[in-house]
Amino acid sequence: MRGNRITLGLLSGIIVLLGSSTISSKAASFKLPSVKGSNTVVANIAFKPQSESQLTDYTYDTVDPTSSNFHKYLTLDQVADKFGRSQSEISDFSNYLAKYHLKSAVYPGNLALKVWGSRANLIKAFDAKSTKIGSKQYRTKIKFPAKLSDKVISVIGVYAKKPKTKKTKSSLNPSIPKAPTSPNTDLSKTSFSKKYGALKFADRYQLNNLYAKGLTGQGQRIGIITLSDFKKDDVLTYLDQVGVNDNPNRINKIYTVDGHKTGDLMLTLGVSAPQMEATLDVNQSASVAPDANIDAYVGLSLDQKTSSTSTYYTTFMKAISDNRDKQLTTSFGPNVELPSNWEQNSSSSMSDYSDAFNVMLEQAAVQGITVFKASGDYGPRELAMKDFNHVFSTSPYQVITGGTTLPYTKIIDGKLVTVNKERAWGDTYSKPESKPSIYAGSGGGFSLLNPTPRYQLGVPGVNTFRAIELLKYVKGGFLIQKNPRIITGTAGGRNLPDVSANADNLTGYATYVSGNNLSYDKKTKKLTNHPIKSWSVNGGTSFVAPQMAAANAVMNSGRDTPLGFWNPQIYKFAAETDSPFTVLDDADNNNNLYYTGQPGKLYNQATGLGTINFDKLYNKFGSENSSN
């Protein structure tokens, strides 16, 4: 979903107004619950693989039809044996940490160690000291015995002092629209789904052809990485409205840091954008793959005792090391990942943290897990700020999903707006303003940390770009340029996104959420509550990622082996005859607020390889199996 950053602290999202969504005109006084949080802090030690180059090669081999390791995915024990640290090495770490009254447990696969205990004991164990590295930035420098440190990529979540709350904002694409469009819930279930739900996606991108073959995600599980809790009843209400399997046993929650009590508390404090984000992630996955089960991995830490980066890593690593879901998706990411926002006094550098994530996602790939990540909703910027920022949420081992706008004709604020054909999502056309504003568009561009992966090298359009300077940054937002300049050039790094689908809120999807709508009366000094049950129509690349994961589950339900690491395969398919991709390569009226299509080339940084025909993609994957 698009919008402003949300702080995921104790009182996040308390006061949220959803227009006419209130269903009770009687306000009830509301007293904030008193909950005592745990003093336990979770940190993580990311290990170096036995051979990083061999792990990378095996990652690619699993999806190379010419390799003897094609689709020979590894069990967790095999990952540990081939690439993880030995049991004696892990015991060395555990024994050392125990001296400082810290508990630890290795994640299956032996590529990371979860550590927990008091902050004071973590500081002692790692001899953590705060060091100034810039005019306003500090880094926690850590050290421990040399025989241990040479096996470590990164230590995540250790601080010489408690991290400042203002640096723990999270959520990649969160917002609750101030005036949401309401869907027509009086439509039949099928009509509603075609206009606002799963069938809209399935019909547009030929996933319905796989439904017709009896492929609906049966036997599959979809894992969702989320930094917010959600109400299962909201999901079931949505699934009933779109007419798909609403068996409550389909939806499972796995808490990775704090337990359900923290989740229950957060949901009590008011409907928030992160709650909506988590809810829609589950909705989209569960409806697009109507017979798949959903595992929501919920990462929460009351008042940020565990840092957002450590919570995020823990949640991802838990899902991968559980190895129960062959497709994972996330629309969240700590925005402290940005250079200007990197966690104050973090014990891990940005580069080391990126390397830790890449190894973790390589583990997912060798286990046959496909990982999807939303690209963001501010064009080439991950957030609504001046600079282009694509850092380490750009791992080459995940499918990064961008956004498009579907064709439409609408009168918006008295102006006739027409989009003739599907194009990159970059909305300066529906509501141009003369005052500074924030504009929505598909994330895309070049990674600042991850180099160009081998599967992108040589692909026409990769590391070249065409762009248009539509927006000029001013205080308070952006202004539309009257005579925008066209720029062409070359760049380097991992290019993103990889693929795209409809993400514009003007051609978007229905969302349902319920909960408390709290407001504060300064005179009485009391909180009042108007319970709400709200349907709205929203957009964002955070719809695309769970839809793609669900489509992956649908395809996997017709196969003997999982599809695994998409990216080397899809870039190869894009260059073949009968490509499953529709390239959106138009240079004009087709941009993500900056990057445009590149005529005649297979790739552009506005929409990647383009949109997918899932029927063709399924057959392409199948042809590799038959030829092996």
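Owing to the predicted nature of the structure, the values given are computational and were not obtained by experimental measurement.

### Details of the nonpolar core
Stage number 1. Core analysis: the largest hydrophobic core is formed by 115 residues, its most contacted members being L207, Y313, W566 and F614.
Stage number 2. In terms of residue count, the dominant contributor to this core is helix α14 (residues 541-556) (ten residues).
Stage number 3. Once you skip the residues sitting within four places of it in the chain, Y313 turns out to touch N44, A46, A112, I156, Y353, A356, F357 and M360.

### Digging into the packing of helix α12 (residues 308-322) against helix α13 (residues 350-366)
Stage number 1. Running from N to C, α12 and α13 cross one another at 15°; their axes reach a closest spacing of 9 Å. Between α12 and α13, the crossing angle belongs to the class labelled roughly parallel. By crossing handedness, the relation of α12 to α13 is classed as left-handed. Across from T309, Y312, Y313, F316, M317, I320 and S321 in α12, the residues of α13 making contact are Y353, A356, F357, M360, L361, Q363 and A364.
Stage number 2. Looking at the contact of α12 with α13 residue by residue, the classes come out as eleven nonpolar, three polar and no charged.

### Re the packing of helix α9 (residues 232-242) against helix α11 (residues 273-288)
Stage number 1. It is at 10 Å that the axes of α9 and α11 come closest, and there the two elements cross at 40°. The angle between α9 and α11 falls in the class oblique. Read as a crossing pair, α9 and α11 show a hand that is right-handed. Between α9 and α11, the contacting residues are D234, V235, Y238, L239 and V242 on the first element and Q275, T279, V282, N283, Q284, A286 and S287 on the second.

### Brief notes about the confidence of the model for the chain
Stage number 1. Residues at a pLDDT of 70 or more form 86% of the chain, whose mean pLDDT is 87.
Stage number 2. The low-confidence segment residues 2-26, where pLDDT is below 50, has 84 contacts with residues more than four positions distant or belonging to other chains.
Stage number 3. Of the regions scoring below 50 in pLDDT, residues 165-179 engages in 66 contacts with residues more than four places distant in sequence or in other chains.

### Some thoughts on the sheet that holds strand β4 (residues 103-106)
Strands pair in a sheet through their backbones, by hydrogen bonds, and they do so in one of two ways: parallel or antiparallel.
Stage number 1. If you trace the four strands from one edge of the open sheet to the other, you get β4-β5-β3-β8, paired in antiparallel fashion. Either end of the sheet is taken by a strand with one partner, and the two such strands are β4 and β8 (152-156). In this sheet, adjacent strand axes meet at a mean angle of 20° when their direction is disregarded.
Stage number 2. As paired strands, strand β3 (residues 41-47) and β8 are joined by four bridges and run antiparallel to one another. Looking across to β8, one finds that N44 is bridged to I156.
Stage number 3. Where α12 meets the sheet, it contacts β3, β5 (112-117) and β8, and its direction lies at approximately 65° from that of β3.
Stage number 4. In the packing of α13 onto the sheet, contacts are made with β3 and β8, and the angle to β8 comes to roughly 110°.

Here is what the cut-offs are and how they apply
Residues numbered from 1 in each chain as written. Predicted model: local features only at pLDDT ≥ 70, side-chain atom pairs only at ≥ 80, totals over all residues. Heavy atoms only, no water. Core = buried A, V, L, I, M, F, W, Y, C linked by side-chain atoms within 4.5 Å. Buried < 20%, exposed > 50% of the residue type's maximum accessible area, 1.4 Å probe, protein only. Helix = DSSP H or I, 4+ residues; strand = E, 2+ residues; numbered from the N terminus. Contact = heavy atoms within 4.5 Å. Axes fitted to C-alpha atoms, helices over the stretch in contact; angles between N-to-C directions. Parallel < 35°, antiparallel > 145°, perpendicular 65-115°, else oblique. Left-handed = near helix turned anticlockwise from the far one by under 90°. Nonpolar A, V, L, I, M, F, W, Y, C, P; charged D, E, K, R; others polar. pLDDT = per-residue confidence, 0-100. Pairing = 2+ DSSP bridges.

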